[in-house]
Amino acid sequence: MRDAIAVWFPTVRTGTGTDVFTERLVAELKKKGIRAEITWLPLRAEYAPWTVSVPKTPKWASIVHINSWLHPRFVPNSLPVIATIHHAVHHPQAQSYKGLIRTAYHRYWIAPNERNVLENSRTVVAVSQFVADTAKETLLDRPMQVIYNGIDTEKFKPENHPRQTDECFRLLYVGSWMTRKGVDLLAPIMRELGEDFELRYTGGATATQDKPDMPKNMHDIGRLQGDAAIVSAMQDVDVLLFPSRSEGFGLVAAEAMACGLPVIAFSDTCLEEIVQDGVTGRLLPLGDVHATAEAVREIARSSTSRNVMSVAARNRAVSRFGLPAMLDAYLNAYSLTLEQRE
C-alpha cells in the first residue's frame, strides 16, 4: 500500500509553525521516494476564500493532506482526505486573552468550517492529546490519532562546547509577540529576577509598543529567520522561557530540548506532553509570575542539576519528537486511509 502513496498538500501560507510542519513532512516524504508536493494558497484564503481560485487537483495524487483550518472550498472530493489539527484555540481557557473579535471569528467562522472538514475527512490527526481532547469537546467527537510534530535532532542539538554560565544567566524566548504566547508575562518575570538574569526575545516591530515598560535585562534579538538562526540562539543560552497560554504542540519547546535546554513552561497546556516537570524543565501554574521566577532561580543555582536536566531534555526530544517517528506515523496513517477506500 505504501507504493500507492502520493500526497498533495493544498496549504495556506500563514508564516507560522504549520508552514514549518508541512515543509518538513514533505521533505521527509521525498527522501523516502514518495511523491509529495505543496500548493501554497495566500493568507486571504483563510478569511476570504471566495477571492482565491481553487487549485486543480493533481492527477498524480492518491491522497490529500490538509490543515483542519483549510476552508472546505479548497478540499477536493475526488481524493481521500487526511486532516491535521494543529491548535487548541477553541479551548474554554482561551477566551480570556483572545478578545471579542477574535473569539467571534473562531466561533462563527473557523469552527463551522473545521467541523465540515473533520466530518468529511477519512482520517483526523491531532498534534497532541491536548488538541485531540479539545477538538472532541468543542468541534466534533470522532476518532483522532495523535502524532507529535517532528524535529530534526541532528540539526537541533547542543553545542559541542557547552556555554559556560558567567555572571549573567541567559534565558531565551522564541515565538510570535502575542498575548496567547504569554509575552505580557516576560517583563514582570524578568523584573522580579533582576540584573543577574538576561532574557533574549524575538520581538521585532510588533514588540515596539511594549518596550517602554520592559526592564533593562530584556534584549530584542528580532525575528529569527530559518532553523540555523534558531539553533544558534538556543546554543548560546541556558534555559528556554516559554510562558505560552495555548499551543497545539509547542514546537519551540521540543526544539529547545533537542538543543539541551531545560524548558520552563505552564501546566494545563499541551506542554505537559513535552516537558517533564523536574526532569527536562519545569511546569508552573498557568500565568504565575512569581513561581516562574523562582523556578528560573532554582535551575540557575546548580550547574550540576542543570546539566542533568539538559541531558534528559535532549534524550526525550530524540526519543519522542524526532522526524523518523513523525514520518513513520504519517506513512502508516496514509496507508490506512487508502485502505478505507470503498
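Everything below is about the structure printed above this text.
Residues numbered from 1 in each chain as written. Predicted model: local features only at pLDDT ≥ 70, side-chain atom pairs only at ≥ 80, totals over all residues. Heavy atoms only, no water.

### Some remarks on the packing of helix 1 (residues 17-31) against helix 10 (residues 323-339)
Interhelical geometry of helix 1 versus helix 10 gives an angle of 80° and a closest axis separation of 10 Å. The orientation of helix 1 relative to helix 10 falls into the category roughly perpendicular. Residues F21, R24, L25, E28 and L29 of helix 1 touch helix 10, and the partners they reach there are L323, M326, L327, Y330, L331 and Y334. The class makeup of the residues in the contact of helix 1 with helix 10 is nine nonpolar, no polar and two charged. (Axes fitted to C-alpha atoms, helices over the stretch in contact; angles between N-to-C directions. Helix = DSSP H or I, 4+ residues; strand = E, 2+ residues; numbered from the N terminus. Parallel < 35°, antiparallel > 145°, perpendicular 65-115°, else oblique. Contact = heavy atoms within 4.5 Å. Nonpolar A, V, L, I, M, F, W, Y, C, P; charged D, E, K, R; others polar.)

### Examining the environment of A325
Along the chain, A325 falls in helix 10. A relative accessible area of 42% places A325 in the partly exposed class. Spatially, the C-alpha atom of A325 lies 8.4 Å from that of Y148, the residues being 177 residues apart in sequence. (Buried < 20%, exposed > 50% of the residue type's maximum accessible area, 1.4 Å probe, protein only.)

### Notes on the side chain of H71
Within the secondary structure, H71 is located in the loop between strand 3 (63-67) and strand 4 (81-85). The residues touching H71, leaving out its near neighbours within four places in the chain, are A45, P49, W109 and N113.

### Regarding the pairing of strand 7 (residues 169-173)
Remark: a regular strand shows side chains that alternate across the two faces of the sheet. Of all five residues that make up strand 7, five are buried, and the element is covered over most of its length. With burial as the criterion, each face of strand 7 is covered, one bearing F169, L171 and Y173 and the other bearing R170 and L172. In terms of strand pairing, strand 7 meets strand 8 (residues 197-201) through five bridges, oriented parallel. Across the sheet, the residue bridging to R170 is E198, located in strand 8. Running through helix 5 (residues 186-193), the crossover from strand 7 to the neighbouring parallel element strand 8 is right-handed. Where strand 7 meets strand 10 (residues 239-241), two bridges bridge the pair, whose relative direction is parallel. The partner of L172 across the bridge, within strand 10, is L240. (Pairing = 2+ DSSP bridges. Right-handed = clockwise from strand over helix to strand, strands pointing away.)

### Observations concerning helix 4 (residues 129-138)
For helix 4, the full list of buried residues reads F130, V131, A132, T134 and A135. Contacts made by the buried residues of helix 4 are with strand 4, strand 5 (123-126) and strand 6 (145-146).

### A few points about the sheet that holds strand 9 (residues 218-220)
Taken in spatial order, the six strands of this open sheet run 9-8-7-10-11-12, and their pairing is parallel. Either end of the sheet is taken by a strand with one partner, and the two such strands are strand 9 and strand 12 (281-284). Averaged over all pairs of adjacent strands, the angle between strand axes in this sheet comes to 25°, irrespective of strand direction. Pairing analysis gives four bridges linking strand 11 (residues 263-266) to strand 12, with the strands arranged parallel. When the sheet's bridge partners are listed, F266 is paired in strand 12 with L284. Sheet strands touched by helix 5: strand 7, strand 8, strand 9 and strand 10. Its angle to strand 8, the strand with the most contacts, is close to 160°.

### Some words on the pattern of salt bridges
This model, assessed by the stated rule, comprises 16 salt bridges. Of the charged contacts in the structure, one is a salt bridge between R35 and E37, with a shortest N-O distance of 3.1 Å. On the accessibility criterion, R35 (41% relative accessible area) is partly exposed. For E198, the salt bridge goes to R200, with nearest N and O atoms at 2.9 Å. Classification of E198 as buried rests on a relative accessible area of 15%. Residues joined by salt bridges that share partners form a network here, namely R24, K155, D227 and E255. (Salt bridge = Lys/Arg side-chain N within 4 Å of Asp/Glu carboxyl O.)

### Considering the sheet that holds strand 1 (residues 6-12)
Strand order in the open sheet formed by six strands is 2-1-3-4-5-6, with parallel pairing between adjacent strands. Looking at which strands have only one partner, the edges of the open sheet turn out to be strand 2 (35-41) and strand 6. With seven bridges joining them, strand 1 and strand 2 adopt parallel strand pairing. Bridging from a neighbouring strand, V12 pairs with L41 of strand 2.

Function cannot be inferred from these measures alone, as they are strictly geometric.
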